[in-house]
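# Observations on the model geometry
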Amino acid sequence: MWSAGMDSFIIAALAVCSLTAPAYGEKGTSKARSCSDIKVFYKGKGFLVEDVPQFEISGEHLRICPQGYTCCTSNVEDKLASQSRTEVENVIKDAGRSLQISLTGQYKIFDGHFLDLLNRSELNLQETFTSTWGSLYNKNSDVFSELYTELKKYYRGANINLEETLNDFWIRLLEKLFFQANGQYVIGEDYLECVSKQIDTLRPFGDTPRQMKMKVTRTLVAARSFVQGLVTAGEAVRRVSQVPMSQECMRAIMKMTYCPHCRGMPSARPCLNYCTNVMKGCLANQADLDTEWRHLADTMIQVADRLDDPAGVESVILSLPSYISEAMNTMMENIASINSKLFQTCGKPKEAGTTSTDDEIMKRGTFTVEDRLEASSDKIEKLVSDVRIILGDNRPYWTSLPNLICSDRVATGLGSEDKCWNGNNRARYLPELMNDGLASQINNPEVEIDITKPDMTIRQQIMQLKIMTHRLKNALNGQDVEFQDTSDDASGSGSGCADDMCSRDTRLVLPITDRPVAIPYPPENERVKGSAMQNLPSISIYLLTLLILLLRR
């Protein structure tokens, strides 16, 4: 016999079952939904539709997506997870490739222009000195050509001491001029060596060598550092853009991107803050480039301004023939006084039996570089302007990547914040927005990150940027710096620590593993709105089983 209490219990159980019956997909129908839509979507990604079931199945097997009824098998989930990571990595590579092409383009333009300036300056010297200095130049043209060769090597990054190169040039020029101006004497190598040792005391070229050395050094150091800066920046972008996403990042991207499809909500798009937190976690190491990247960009712009100065690169390089000719004029005008002092110090050389000297050495005159070469300041001005724009626009590049990726992925429109995908369902995303950088991700709710294990490829590039910025600052002060292989500089002591990372408290570290793990759900009072229904189908099954047993009694 049924008691009144038993009747009440059965009615209550039926009511609970009806309330907890699972709602499938976006339309909320109680019937098992067809998986035809996801078959089309899945095939569009290049996968076999045989992987997708005909109708929704129970989702206890899912390791990334919420475990409600689903059209995704384990195989489908794994393939879509890999696909989601590849798509995001491609976006990052494409963005990096675009920036790298811009930087490389500027490098090629500047490099070609600077080498053209050196070539034009050398050609102008050859043409002018042939008519101005005659046989003196023709017999000793190798002294001048070797100077330009050394300047080009230095600019290209050769380990050459620029100051010594210029000093050696003036010493060789002194020896050649003295030898040809004193053809009536027998002058051997030993005597010329004595002559060269007196160059600092005699100052036969006046103040021109000092002025030329100061200007040439500042210009070439700045130009070399500038092109090296463009190369370093481009290489950093290339290397960092190729850093693969972690396994934990792949899981987070999958949950954000394709889990709505597995849940039967293909039109659901991620909430803005949800997507941003996912990408800030995935790109935490990249964001740590921000400080040194900005420093490099700012210093590069300062060097570019120096190169564009009225007394900058073009003026100095194109004026080299004028400097050299002026110095030679100074010596020849004072050759009698110079000879007298050298004869006192080194002794008077023996007569050669002839009193003739090379009269052509006196065929000298002054010339103006600007008369021989057309102005090209507009070209350097445009180049510098372009570099300023590229570097200025991309100062926040590394911290802007999450916004770049999320910009065309997230839900938009009126009320979208309440209808967007929050990782579990269509509802508002409640967790707070994370800050940029690895250290700020310790409490990221979407991506598991061990902040004590920074990516060493990225750490190495951070060090490269720091080294390059230091060189550029030295260049601004006219200080010559050797360019050497710095691939080992970033390794430090081998401790694997960067900045003050090793001293951080590690009690809250989330371990990284390549093995798929179940995503833990938050406590009941912290669950995101709308996610509480995910376990209700199992409650319905238990209550229905209990009801059947009671009816059998």
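Residues numbered from 1 in each chain as written. Predicted model: local features only at pLDDT ≥ 70, side-chain atom pairs only at ≥ 80, totals over all residues. Heavy atoms only, no water.

Looking up the protein in an unreviewed UniProt entry gives the name Glypican-1, with the organism given as Astatotilapia calliptera. Database annotation for the protein, UniProt heading Function (unreviewed entry): "Cell surface proteoglycan." (UniProt positions renumbered as here; feature names shortened; annotations may be inferred.)

## Details of the overall build of the protein
Secondary structure assignment for the protein yields 23 helices and two strands. Taking all contacts inside the protein whose residues are at least 6 apart in sequence as the whole, residues at least 24 apart take part in 81%. For the protein, the accessible surface area stands at approximately 27,400 Å², while carbon and sulfur atoms represent 51% of it. (Helix = DSSP H or I, 4+ residues; strand = E, 2+ residues; numbered from the N terminus. Contact = heavy atoms within 4.5 Å. Areas by Shrake-Rupley, 256 points an atom, 1.4 Å probe, with all protein chains shown as cover.)

## Observations concerning the state of the cysteines
Taken as a whole, this structure holds seven disulfides when the rule is applied. Put simply, Cys35 and Cys71 are joined by a disulfide, and their sulfur atoms are 2.0 Å apart. A torsion of -90° about the S-S bond marks the disulfide between Cys35 and Cys71 as left-handed. With Cys35 in the loop between α1 (4-20) and α2 (36-44) and Cys71 in the loop between α2 and α3 (74-132), the pair connects residues that are 36 residues apart, well separated along the chain. For the pair formed by Cys35 and Cys71, the shared burial category is buried. (Disulfide = S-S within 2.5 Å. Buried < 20%, exposed > 50% of the residue type's maximum accessible area, 1.4 Å probe, protein only.)

## Digging into the nonpolar core
Counting residues in hydrophobic clusters, the biggest one holds 140 residues, and the most contacted among them are Leu80, Phe110, Phe144, Phe226, Met279 and Ile324. It is α3 that contributes the most residues to this core, 15 residues altogether. If we skip the residues at most four places from it in the chain, Ile324 touches Leu125, Phe129, Phe144, Leu147, Phe169, Trp170, Leu173 and Met212. (Core = buried A, V, L, I, M, F, W, Y, C linked by side-chain atoms within 4.5 Å.)

## Focus on the environment of Asp418
Within the secondary structure layout, Asp418 lies in helix α21 (residues 416-419). For the pair Asp418 and Cys271, spaced 147 residues apart in the sequence, the C-alpha separation amounts to 8.5 Å. Not counting residues within four places of it along the chain, the set of residues in contact with Asp418 comprises Arg426, Ala427 and Arg428. Of note is the side chain of Asp418, whose polar atom sits 2.9 Å from the side chain of Arg428. (Polar contact = N/O pair within 3.5 Å; in protein donor to acceptor, adjacent residues only side chain to side chain.)

## Side note on the side chain of Glu87
Position of Glu87 relative to the elements: it lies in helix α3. Look at Glu87 and you get buried, because its relative accessible area is 19%. Contacts of Glu87, omitting those with residues within four sequence positions, involve Lys45, Tyr258 and Arg409.

## Comments concerning helix α5 (residues 141-155)
Each turn of an α-helix holds 3.6 residues, which means side chains three or four residues apart point in the same direction. Here α5 is 15 residues long and its end C-alpha atoms lie 22 Å apart, about the 21 Å a rise of 1.5 Å per residue gives. Those residues of α5 not exposed but buried are Val143, Phe144, Leu147, Tyr148, Leu151, Tyr154 and Tyr155. End-on view of α5: buried residues confined to an arc of 135°, all on one side of the axis. Elements that come into contact with the buried residues of α5 comprise α3, α4 (135-139), α6 (162-181), α9 (208-241) and α16 (320-333). (Expected span 1.5 Å × (residues − 1). Arc of directions from axis to C-beta.)

## Considering helix α14 (residues 290-307)
Between its terminal C-alpha atoms α14 stretches 26 Å, which fits the 26 Å expected from 18 residues at 1.5 Å a residue. Within α14, burial applies to Asp290, Glu292, Trp293, Leu296, Ala297, Thr299, Met300, Ile301, Val303, Ala304 and Leu307.

## Comments concerning the packing of aromatic side chains
Enumeration according to the criterion identifies 16 aromatic pairs in this entry. Ring geometry for Phe129 against Tyr137: centres 5.9 Å apart, planes inclined by 80°, an arrangement best described as edge-to-face. Among the residues examined, Phe129 registers a relative accessible area of 0% and is labelled buried. Put simply, the rings of Phe129, Tyr137, Phe144, Phe169, Trp170 and Phe205 pair up and form one aromatic cluster. (Phe/Tyr/Trp six-rings, centres within 6.5 Å; stacked < 30°, edge-to-face > 60°.)

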